[in-house]
Amino acid sequence: MEKKNNSKQLSIMKPNIIEINHKDQYNFDENSIQDFFTGSIIFITGSTGFLGKALLEKLLRSCKKISIIYILLRSKNGQTIQQRLEKLMDNLIFDRIKFEYPDCFTKVIPINGDISQVKLGLSENDYCLLFEKVNIVFHCAATVGFNEPFKTAINQNVGGTKQVIDLCLKMFNLKSFVYVSTAYSNSNIFEIDEKIYPTKIKPEFILDVCKNFDDEIVNFLANKLQDKHPNTYTLTKNFAENLINNYKDKLPIAIVRPSIISGAVQEPFPGWVDNFIGATGVMAQVGVGLAKSIFGEENKIVDLIPIDIVVNTLICASWNNIIQPSNKIQVYNCVSGPFNPLRWKRCHKLTAKYAIESPSKHVVLYPGTIFTSNRLLHNIIVFFCHYVVAFMLDLLDMCQRQKPRMLKLVKRNERMQNAYDFFKCNEFYFHGKNMKQLVEKVQITKNHMIFNIDAEKFDWDQNICNCMLGINKFLFKENTDNLKITKNYLNK
Ligand SMILES: NC(=O)c1ccc[n+]([C@@H]2O[C@H](COP(=O)([O-])OP(=O)(O)OC[C@H]3O[C@@H](n4cnc5c(N)ncnc54)[C@H](OP(=O)(O)O)[C@@H]3O)[C@@H](O)[C@H]2O)c1
């Protein structure tokens, strides 16, 4: 099936736009998602991130017959891509496959590149190698900072996506391309269907403006476009979806839109998390007693979606691109709201409960917290219980000739919480018909137990309990088997 060419020939060949609707050309058992990946050559962007590394781990663990996984890596903080690969493989997430399937890492091949560069910053050889070999693409890389300058966010999230698409257009054997968007790519509206909502101006135009005009003009335009979007991140993800939509007739594309990704239900370990960003960050603050007040509307839904459900959805969406070929892009709202709603009130109560039941060694104050929509009350609590306490703890540290760090930490936490105010005070109604249909389809495959994507079928109580333990274990690197010791510490 694979076309064999050498690099010289490749550079003079015309890009081969695949004809979609030809699932018959692929010879695999349609009832097996694992079979779809047999022999495949995959390209992943963003594999050092929270979602990307969970996707990489799951593909290696559950689709053992994959041939090769190319991962796009950039040198960063003085580390070469080889050093970054080694560091990535040292991550606790890979402990399970290191034990179960130690040889699998030979399949992972790093490719030096950067999504913000022309042709992804790839060498000519690597570019050719990818379009000759790869048949499945997952594009996860993005800048996820809420308040990145507009130009940066456009270059990375829209420009980067354009570079990935250009590469896909050249691929000889592309079977499936999955783009990771966000459920909040349309957060200027509150009822969100599984479709692409048009932007006011074309993404190509905005890319041109960012390339050719100075910051003053770009920012002027950005203000006009911002509309009711809370930040540049959601706006640029909306642009990226629109850009992708232009290729619906040319590429087999699915868009997966996760809401706020949270700790794992089950895989690779219950409660697995990787960073202090988003909901996990707030939970960690509650856990160590540094969030005495959280601002928001407690009766609104907090749309968390566990990481393993998101990862499995990416894999199943990729498979479904071939099972149900279409000239329309399949969009999946990968959310919990319509299926298994969790409200802030319950979320915050469970977080506080398990912060006490499974305390961290890093606890600073007893983990009690209130959730309020009263800004004045919130500010008063924050001032006295966060800033004054942090100031006093810093003074204590300085008296003991230690470096003060609490005030800095509290300020950072506050900034992070404020960035989420919009999402804590608003509720979105997400449609989930495509997601539901995918759940039903996967249900009748041979591998439905391996690729759980059903957000209805887990218990938030258990998940939040595991997440609090996961924060202690995977983020604070504590030994969670020894809970008795930390409980004693908390009770002092
Ligand atoms: N986390 C969530 O709650 C959430 C929710 C909805 C949607 N999403 C989407 O999920 C995707 C992954 O998010 P995440 O939470 O995993 O973010 P993350 O942890 O910040 O990871 C971002 C990844 O993108 C890579 N990246 C960023 N800029 C790059 C560049 N110029 N060139 C190459 N790689 C670059 C990063 O690589 P480096 O290590 O080199 O920086 C990293 O691997 C994003 O598309 C995001 O929009 C996330």
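About the criteria used
Residues numbered from 1 in each chain as written. Predicted model: local features only at pLDDT ≥ 70, side-chain atom pairs only at ≥ 80, totals over all residues. UniProt positions renumbered as here; feature names shortened; annotations may be inferred. Near = placed C-beta within 6 Å. Helix = DSSP H or I, 4+ residues; strand = E, 2+ residues; numbered from the N terminus. Nonpolar A, V, L, I, M, F, W, Y, C, P; charged D, E, K, R; others polar. Buried ≥ 20, exposed ≤ 12 C-beta atoms within 10 Å, placed from the backbone. Contact = placed C-beta atoms within 7 Å. Pairing = 2+ DSSP bridges. Axes fitted to C-alpha atoms, helices over the stretch in contact; angles between N-to-C directions. Left-handed = near helix turned anticlockwise from the far one by under 90°. Domains from an automatic or database assignment. pLDDT = per-residue confidence, 0-100. Core = buried A, V, L, I, M, F, W, Y, C linked by C-beta atoms within 7 Å.

Labelled according to an unreviewed UniProt entry, the chain appears under the name Fatty acyl-CoA reductase, originating from Aphidius gifuensis. The chain has a UniProt comment under Function (unreviewed entry) that states "Catalyzes the reduction of fatty acyl-CoA to fatty alcohols." Per its UniProt entry, the chain bears the Sequence similarities (unreviewed entry) comment "Belongs to the fatty acyl-CoA reductase family."

Quick word on the site of the ligand
Taken together, 26 residues lie near the ligand, and Gly 46, Gly 49, Ala 141, Ala 142 and Ile 261 sit nearest. Secondary structure elements with two or more residues in the shell around the ligand: helix 3 (50-62) and strand 8 (260-262). Tallying contributions element by element places helix 3 first for the shell around the ligand, with 3 residues. Its residues assigned to classes, the shell around the ligand comprises 12 nonpolar, 11 polar and 3 charged.

Things to note about the environment of Asn 413
Checked against the element boundaries, Asn 413 lands in helix 15 (residues 406-419). Residue classification places Asn 413 among the buried positions, given that 21 C-beta atoms sit within 10 Å. Once the C-alpha coordinates of Asn 413 and Val 282 are considered, the two residues, 131 residues apart in sequence, prove to be 7.9 Å apart. Apart from residues no more than four positions distant in its own chain, Asn 413 is found in contact with Gln 285, Leu 290 and Ala 291.

Re the pairing of strand 2 (residues 68-73)
Across a regular strand the side chains alternate sides, sitting on one face of the sheet and then on the other. Along strand 2, 5 of the 6 residues are buried, which leaves the element largely enclosed by surrounding structure. Here 5 bridges tie strand 1 (residues 41-45) to strand 2, and the two strands are oriented parallel to one another. Paired with Ile 42 across the strands is Ile 69, a residue of strand 2. Pairing geometry for strand 2 and strand 3 (residues 108-112), over 5 bridges, is parallel. By the bridge assignment, Leu 73 is partnered in strand 3 with Asn 112.

Overview of the packing of helix 3 against helix 12 (residues 307-323)
Contact pair helix 3 / helix 12: the axes reach a minimum separation of 9 Å and the direction vectors enclose 65°. Like other packed secondary-structure pairs, helix 3 and helix 12 cross with a definite hand, here right-handed. From helix 3, Leu 51, Ala 54, Leu 55 and Lys 58 reach across to helix 12, where they touch Ile 307, Val 310, Val 311, Leu 314 and Ile 315. Split into classes, the residues belonging to the contact of helix 3 with helix 12 amount to 8 nonpolar, no polar and 1 charged.

Some points on the domain arrangement of the chain
Here the chain is described as being made up of domain 1 (18-26 + 33-258) and domain 2 (344-426 + 460-491). A separation of 33 Å is found between the C-alpha centroids of domain 1 and domain 2. With 4 residues of domain 1 in contact, the opposing surface of domain 2 contributes 4 residues. Of the residues assigned to the side of domain 1 that touches domain 2, the class counts are 4 nonpolar, no polar and no charged.

Section: the confidence of the model for the chain
Per-residue confidence for the chain gives a mean pLDDT of 91; residues scoring 70 or more make up 92%. Residue range residues 1-22 is modelled with pLDDT below 50. Its contacts to residues more than four positions away, or to other chains, number 19 contacts.

A few points about the nonpolar core
Core analysis: the biggest nonpolar cluster contains 130 residues, and Ile 42, Leu 55 and Leu 314 have the highest contact counts within it. Sort the elements by how many residues they give to this core and helix 12 lands first, with 9 residues. There are two domains that each give this core at least three residues, and those are domain 1 (18-26 + 33-258) and domain 2 (344-426 + 460-491). Leave out the neighbours within four places in its chain, and Ile 42 touches Leu 59, Ile 66, Ile 69, Tyr 70, Val 134 and Ile 136.

Some thoughts on the environment of Lys 200
For Lys 200, the position within the fold is in the loop between strand 6 (191-192) and helix 8 (203-212). Lys 200 sits in the exposed class, given 10 other C-beta atoms within 10 Å. As a C-alpha pair, Lys 200 and Asn 242 span 42 residues in sequence and 10 Å in three-dimensional space.

Details of the UniProt feature "domain: Fatty acyl-CoA reductase C-terminal" (unreviewed entry) in the chain
UniProt records the feature "domain: Fatty acyl-CoA reductase C-terminal" (unreviewed entry) for residues 385-478 in the present numbering. Across residues 385-478, helical content stands at 65% and strand content at 2%; the span's end C-alpha atoms are separated by 26 Å.

Describing unusual backbone geometry
In this chain, Glu 267 is followed by Pro 268 through a cis amide linkage whose omega measures -5°. With respect to the helices and strands, the residue Pro 268 is situated in the loop between strand 8 and helix 11 (278-287). Located in the positive-phi region is Leu 120, a residue other than glycine, with phi close to 60°. Turning to its location among the elements, Leu 120 is positioned in the loop between strand 3 and helix 6 (124-133). We classify Leu 120 as buried; it has 24 C-beta atoms within 10 Å. Not every positive phi belongs to a glycine, and Asp 227 is a case in point at roughly 50°. In this fold, Asp 227 is placed in the loop between helix 9 (215-226) and helix 10 (232-245).

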